[in-house]
Amino acid sequence: MRGLFPGVRLPGVQLSGAATVAMLVVAVVVNSALQPNFWSGYALTSNFATFVPLVAIAVGQTVVVLSGGIDLSLGAQVTLASVVAVRIVDGQLDRLPQAVAAALGVGLVCGALNGLVVALVRLQPIVATFATSFVFSGLALVVLPTPGGSVPLEVTTAYRAAVLGVPVALLAILGLALLWWVLRRHRVLRHVYAVGGDPEAAYASLVPVARTRISAYVLGGLFAALAALAVLANTGSGDPFVGNELTLASVAAVVIGGTSLAGGRGGAGGSILGAIVLALVTNIVFFADVPTTYRQLVNGAVIILALALAGIPALQKRRPAA
Amino acid sequence: MLLAACSSGDGGTGGGGGGEGASRPFTIGLSNGFVGSEWRTQMVDGVEAAFAEYKNESVVDELVVESADTDVNGQIQQIRNLINRDVDAIIVNPNSETALDAVFREASQQGIEVFAIDQAVTSQDVTNVVIDQAEWARISAEWLAGQVGRGGDIVVVNGIAGHPANEMRWEAAQKVFTDAGVNVLSVADGNWDQATGQQVMTNLLATYPDVDGVWTQDGMAQGVFRAVQAAGRLDQIKISGEARVGFMRLWNEARADGFESIGVVNPPGGAVSALHMAVNVLDGRQFASGRMNGNTVHVPIPYTVDESNFEEHWGRVSGENDAYSLDGSLTRDEAAAFFQ
């Protein structure tokens, strides 16, 4: 116990990749033991379809957290981007490109606004992005006051399809991982790590600190837009409240994935696995026949356990100076 | 992409539900995405009780209940879990009229029968088993129009603007008032919440002190009553009420002073009616012609509480808590009459 409580005072928690993978393995084993048809075509396809929105937003949150910030408006950005896209596409396949572009545009603008508020106005990210989340959710209500609009049937069908036995949703997750892998090698992400790790040192090394922070929020917004498109493909329709619950899950996925909330350490690979662990926990609680009134409680307790487990490797690597 | 879509059609056989070949005993799933009200609790309890009877007769074997406060994404996952549980039919109180369409298609492709209650959905893969919201509103609107008479002035406390049920109800009630020559001075939203309803009514009374009546929907009549009572206008302002115990308690106390009202039942037992219908459908029976309107089956409104039968209903429910909704559902025979 002595190890756990001082750990709370650490500037951040970090999990080695091994622990995240171990949690994923445990989650998969437990889930497949409880759910007889876990490996069947429909179960795999539907599970991956559920994962994609959370995976995308978790990658976006990772970039922001790595830069030393946090974005509590990401869920609201998902909502806003999705309602804008659904208003534009309105069931017509030929308007899909415009809708995708508009969703990405919304993510870009929202991210830039957050970045400016945090990097230039210098408000605390946790408060500033919480405030902008109300702006974005409010705008979403203006754009689509009641649930409605439809996504072309081709899109919702393709999202549930499989190519040579591989679910399209799994390919989307691999695509997001590939996108991260490419970004990771780009100069912007090297700057993000530098700024998140030690802003003064980064500044002294001629890293453009403010511009890097803004870029991190913009990237976060773009991934939120991708999450919005996945949400639309998953639901087939627009809803002005659809993304708001994703925010907290995205932060949890980042922590379970081993990225330090203090910034500068970690990566989106872990967050992707973390997001999948979170979604599997919900499945497990269902298939374990937990009575419906206790399910939320058990779900929350398991997630806290996962967050605690995520902190353990960091304790061992703790620097004495911390 | 389309080719890929086709190949996935048979990829799901392993996780499929009963399909056309579903045979007794059936497994039924219940998905509910909101637990914040007594009405939903009554709904789930009612289904569990009716299910237990079927289970004793080995018509069904397992009821899988998914009930939690959740958003559309969460309800999609609820329904996917039910599909993965190999249920034969799903009864759902949907959080959205449209946003679950895609997952309903998944269920239907796995051979699962889906029934929506309380809130109708647009998906053609689903059978809606609901009361006619327009008729529900018309009954109390006609009563109020009769009370205030032609040329009477009323205000309206609605639920949530834009909500499908609210729009259907208000459209019907508005027509009643127009036809009866009743003037609607103002329409405000009380969010189907007693406290908000009371606040809104207090504001309306401040602006329109001389109204003759107020039309409101369920979940707010108690608040509206208290606002009128606080203004000391109970003897002058007619209130359309609700068939819930809290309002009926106030109604009962005020009856001595000549207060009259009406309460149209909006039954949580609609879920039980849907369960009866699900069993019929799983037994391979078809809806009789004329019973279906598009993909919607309207179940009758069980009864209305008014001055003539108040004593009878109050005697039956006065021991329940204030949030209790008066209830009713189709019997098995009544449900069977909907089929060929």
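Quick caveat, the model's predicted, so the values are computed rather than measured. (Residues numbered from 1 in each chain as written. Chains lettered and ligands numbered in written order. Predicted model: local features only at pLDDT ≥ 70, side-chain atom pairs only at ≥ 80, totals over all residues. Heavy atoms only, no water.)

Caption draft 1: Molecular detail of the packing of aromatic side chains. All names here are of chain B. Tallying each qualifying case throughout the model produces 13 aromatic pairs over all chains. Centre to centre, the rings of Trp170 and Phe177 are 6.5 Å apart; their planes meet at 45 degrees, and the pair counts as tilted. Judged by its relative accessible area of 12%, Trp170 is buried. Assessed through its relative accessible area of 0%, Phe177 is described here as buried. Ring centres of Phe225 and Phe259 lie 5.2 Å apart, and the angle between their planes is 90 degrees; on these two criteria the pair is classed as edge-to-face. (Phe/Tyr/Trp six-rings, centres within 6.5 Å; stacked < 30°, edge-to-face > 60°. Buried < 20%, exposed > 50% of the residue type's maximum accessible area, 1.4 Å probe, protein only.)

Caption draft 2: Focus on the packing of helix H8 (residues 221-230) of chain B against helix H9 (residues 245-254) of chain B. Residues and elements named next belong to chain B. Where H8 meets H9, the axes come as close as 8 Å, and the angle between the chain directions of the two elements is 35 degrees. When the axes of H8 and H9 are compared, the crossing they make is left-handed. On H9, the residues that touch Ala221, Gln222, Phe225 and Arg226 of H8 are Gly246, Phe247, Leu250 and Ala254. (Axes fitted to C-alpha atoms, helices over the stretch in contact; angles between N-to-C directions. Helix = DSSP H or I, 4+ residues; strand = E, 2+ residues; numbered from the N terminus. Left-handed = near helix turned anticlockwise from the far one by under 90°. Contact = heavy atoms within 4.5 Å.)

Caption draft 3: Region of the structure containing empty space enclosed by the protein. All names here are of chain B. What the rule picks out here adds up to three cavities of 30 Å³ or more. Looking at the largest cavity, it is lined by 13 residues, and the ones nearest its centre are Trp39, Asp118, Ile131, Pro267 and Gly270. Every element with two or more residues in the lining of the largest cavity is listed here: helix H2 (38-56), strand E5 (126-130) and helix H10 (270-282). Classifying every residue of the lining of the largest cavity gives nine nonpolar, three polar and one charged. The computed volume of the second largest cavity comes to approximately 40 Å³. Taken together, Trp39, Asp218, Glu242, Ala243, Arg244, Val264, Val265, Asn266 and Ser325 make up the full set of residues lining the second largest cavity. Of the residues assigned to the lining of the second largest cavity, the class counts are four nonpolar, two polar and three charged. (1 Å grid on protein atoms, 1.4 Å probe; cavity = no way out; pocket = protein on both sides within 12 Å on 5 of 7 lines; lining within 4 Å. Points joined across faces, edges and corners; volume = space filled by probe spheres on them. Nonpolar A, V, L, I, M, F, W, Y, C, P; charged D, E, K, R; others polar.)

Caption draft 4: Up close: the interface of chain A and chain B. With 38 residues of chain A at the contact, the number on the chain B side is 38 residues. Across the interface of chain A and chain B, roughly 3,000 Å² is buried in total on both sides, 50% from carbon and sulfur atoms. In this assembly, chain A and chain B are joined by two salt bridges. A salt bridge links Glu106(B) to Arg160(A), with the nearest nitrogen and oxygen atoms 2.4 Å apart. Where chain A touches chain B, the interface holds eight residue pairs in polar contact (both at pLDDT 80 or more). Of all elements in the fold, only helix H3 (41-66), helix H7 (153-159), strand E2 (162-163), helix H11 (209-235), strand E4 (237-238) and helix H13 (268-287) of chain A reach the threshold of two or more residues within the side of chain A that touches chain B. Take the side of chain A that touches chain B: its biggest share by element is six residues, from H3(A). Of the residues that constitute the side of chain A that touches chain B, the class distribution is 14 nonpolar, 18 polar and six charged. (Buried area = accessible area lost by both parts, 1.4 Å probe. Salt bridge = Lys/Arg side-chain N within 4 Å of Asp/Glu carboxyl O. Polar contact = N/O pair within 3.5 Å; in protein donor to acceptor, adjacent residues only side chain to side chain.)

Caption draft 5: Structural detail: the nonpolar core. Grouped together as the largest cluster of nonpolar side chains are 96 residues, with contacts concentrated most on Phe51(A), Val55(A), Val78(A), Leu80(A), Ile79(B), Ile90(B) and Phe104(B). Other than its neighbours up to four places away in sequence, Ile79(B) contacts Ser31(B), Ile90(B), Val92(B), Leu100(B), Val103(B) and Phe104(B). In terms of nonpolar packing, the next biggest core, distinct from the first, is built from 55 residues, Leu30(B), Val65(B), Trp136(B) and Trp170(B) among them. (Core = buried A, V, L, I, M, F, W, Y, C linked by side-chain atoms within 4.5 Å.)

Caption draft 6: Inspection of the domain arrangement of chain B at higher detail. Residue and element names in this part refer to chain B. For chain B, the assigned domains are domain 1 (19-131 + 267-300 + 321-336) and domain 2 (133-264). Taking the mean C-alpha position of each, domain 1 and domain 2 sit 31 Å from one another. Counting residues at the interface gives ten residues for domain 1 and eleven residues for domain 2. Between domain 1 and domain 2, a total of about 900 Å² is buried, with carbon and sulfur atoms accounting for 50% of that surface. Of all residues in domain 1, the largest losses of buried area upon contact with domain 2 belong to Ile131, Asp322 and Leu326, amounting jointly to 55% of the total for that side. Applying the counting criterion to the domain 1 and domain 2 interface returns one salt bridge. The shortest N-O distance in the salt bridge between Arg249 and Asp322 comes to 2.9 Å. On inspection of domain 1 and its partner domain 2, the count reaches five residue pairs in polar contact (both at pLDDT 80 or more). Looking at the side of domain 1 that touches domain 2, its residues break down into four nonpolar, three polar and three charged. (Domains from an automatic or database assignment.)

Caption draft 7: Fine view of the sheet that holds strand E9 (residues 238-239) of chain B. Residues and elements named next belong to chain B. Here we have four strands laid out as an open sheet, ordered E7-E6-E8-E9, and parallel in their pairing. Of all the strands in the sheet, the pair left with one neighbour each is strand E7 (183-189) and E9. As defined by bridge partners, strand E6 (residues 153-158) adjoins E7 across six bridges and the pair is classed as parallel. In the sheet register, Asn158 faces E7, and the bridge partner there is Asp189. Strands in contact with helix H5 (residues 133-148) are E6, strand E8 (213-216) and E9; relative to E8, the strand with the most contacts, it is inclined by about 180 degrees. (Pairing = 2+ DSSP bridges.)

Caption draft 8: Fine view of the pattern of salt bridges. Residues and elements named next belong to chain B. Overall, the coordinates contain 15 salt bridges over all chains when judged by the stated rule. Glu62 is the salt-bridge partner of Arg85, the closest N and O atoms lying 3.7 Å from each other. Here the residue Arg85 occupies a position in the loop between helix H3 (72-84) and strand E3 (89-93), and Glu62 occupies one in strand E2 (residues 60-67), the gap between them amounting to 23 residues. Note on Arg85: relative accessible area 17%, which makes it buried. Residue Lys175 is joined to Asp179 by a salt bridge in which the shortest nitrogen-to-oxygen separation is 3.0 Å.

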